[in-house]
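Each chain, written out:
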Amino acid sequence: MPDREEAMRPWLQAELEDDFDEELEQEIDDRRLPEEVRHLLQSRQVRTIDRGLYFRELLRLQGELVKLQDWVAHRGLKVVVLFEGRDSAGKGGAIKRITQRTNPRICRVVALPAPSDRERTQWYFQRYVAHLPAAGEVVLFDRSWYNRAGVERVMGFASEAQVEDFFRDVPEFERMLVRSGIILVKYWFSITDQEQQLRFLMRIHDPIKQWKLSPMDLQSRVRWEQYTKAKEAMFERTSIPEAPWYIVEGNDKKRARLNCIQHLLSQIPYEEVPHQPVALPERVFDPNYERRTLPAELYVPDRY
C-alpha cells in the first residue's frame, strides 16, 4: 500500500498544480495593458494579501464549500445568496470562486438579462421566483430583484411610485421566503470611486474584458453619487432581521473573495456528510474485442 501511495504522488501533485493554474488563468496579465494603466496599477494604494496565503486559504475554503453543498443536498436545505454592489466591485469573481469546485446541479448561478416585454407586465418578483431553489439546492443570484432599488431607479427605468411599492413589498417578500424554509443571505460589494475608475480603464484597454463594460456601467461612473444615495436608501429600507445586508469591502479582490466565502460558510451551520468508501472496480477485458482504428479526420489537430 505505501508503494501505491508513493506512485500516486506525482499524479496528485499534477492535479494540485492544475488547480493553481486554473486560478492563475483568471488573474489579469498586466503585460497586456498599456503603460499608463500599468502605471496606475503600480501606484494604487491597495492592501494586498500574500499570494501563497491566498491560494492556501482559497483551496481550503473551497473544500469547505464542497462539504457545505453535500450538507445542503443531504438535509434538503434551500439556500439563496444575493450578490449586489457597484459595477466592477468583484461580484463575478467571488461567484466564480464559490462555484469553481462545486457541483453545478446543486449550486447554480442565476444572472437574468433585462426583462422582456412580457415580463414587464408581470408581478415584479415573478421572474425571480421561477429560479428559487428546490430542496437540496443553492442558488446564487448575480444581481437580483434589487435591480429596482439600484439601476432601475437611478436610470429612470422605474417610476418613484414603483420604487416605493418595491420598498414596501420586498421586506415581506423576503420574510415569506425565510418562512418557507429558504436561507437568504445578501451581499453588497463595495469599492471606492478611484478603484472603480481604475478597473473600468483596465476593461477598456483589455480586449478580453471589454465585454464586461456595458453602457449601464459607463453611466454608473457619471451617476456615482446617485447610486450612493440609492444604496443608502436600499440599506435603510430593506435590511431586516430575517435577511440583513452584509457589506464586502472589495478594493482588494483576493481579500474580498476569501472574506465573502468565509462569511457565507459561517451563515449556514453544516457538518461533513459521511460517505461510503469508494473502490474503483477492476476493468473487465474481453480477449475477443479489437479496438477499431478511427479515421484521422475525427480527431482535433494536435497543435500544442
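Caption draft 1: Main features of the overall build of the protein chain. Of the regular secondary structure elements, the protein chain holds 11 helices and five strands. Taking all 304 residues of the protein chain together, 38% fall into the buried category. In the protein chain, once contacts between residues fewer than 6 apart in sequence are set aside, the share between residues at least 24 apart is 81%. Total accessible area computed for the protein chain in this model is approximately 19,200 Å², and 52% of it derives from carbon and sulfur atoms.

Caption draft 2: Quick peek at the nonpolar core. Among the nonpolar cores identified, the biggest contains 30 residues, and Val81, Phe83, Leu140, Tyr187 and Phe189 are the most heavily contacted of them. Those elements giving two or more residues to this core turn out to be α3 (51–75), β1 (78–85), α4 (91–99), β3 (137–142), β4 (182–190) and α11 (253–267). The residues contacting phenylalanine 83, other than those within four sequence positions of it, are Lys91, Ile95, Ile98, Leu140, Phe141, Asp142, Arg143, Tyr187, Phe189 and Cys260.

Caption draft 3: Representation of the pairing of β3 in the model. The buried fraction of β3 is high, at five of six residues. Relative to β3, β1 is paired through six bridges, and the arrangement is parallel. Following the sheet pairing, phenylalanine 83 is matched in β3 by aspartate 142.

Basis of the calculations
Residues numbered from 1 in each chain as written. Predicted model: local features only at pLDDT ≥ 70, side-chain atom pairs only at ≥ 80, totals over all residues. Heavy atoms only, no water. Helix = DSSP H or I, 4+ residues; strand = E, 2+ residues; numbered from the N terminus. Buried < 20%, exposed > 50% of the residue type's maximum accessible area, 1.4 Å probe, protein only. Contact = heavy atoms within 4.5 Å. Areas by Shrake-Rupley, 256 points an atom, 1.4 Å probe, with all protein chains shown as cover. Core = buried A, V, L, I, M, F, W, Y, C linked by side-chain atoms within 4.5 Å. Pairing = 2+ DSSP bridges.

In short, shape yes, function no, at least from these values alone.
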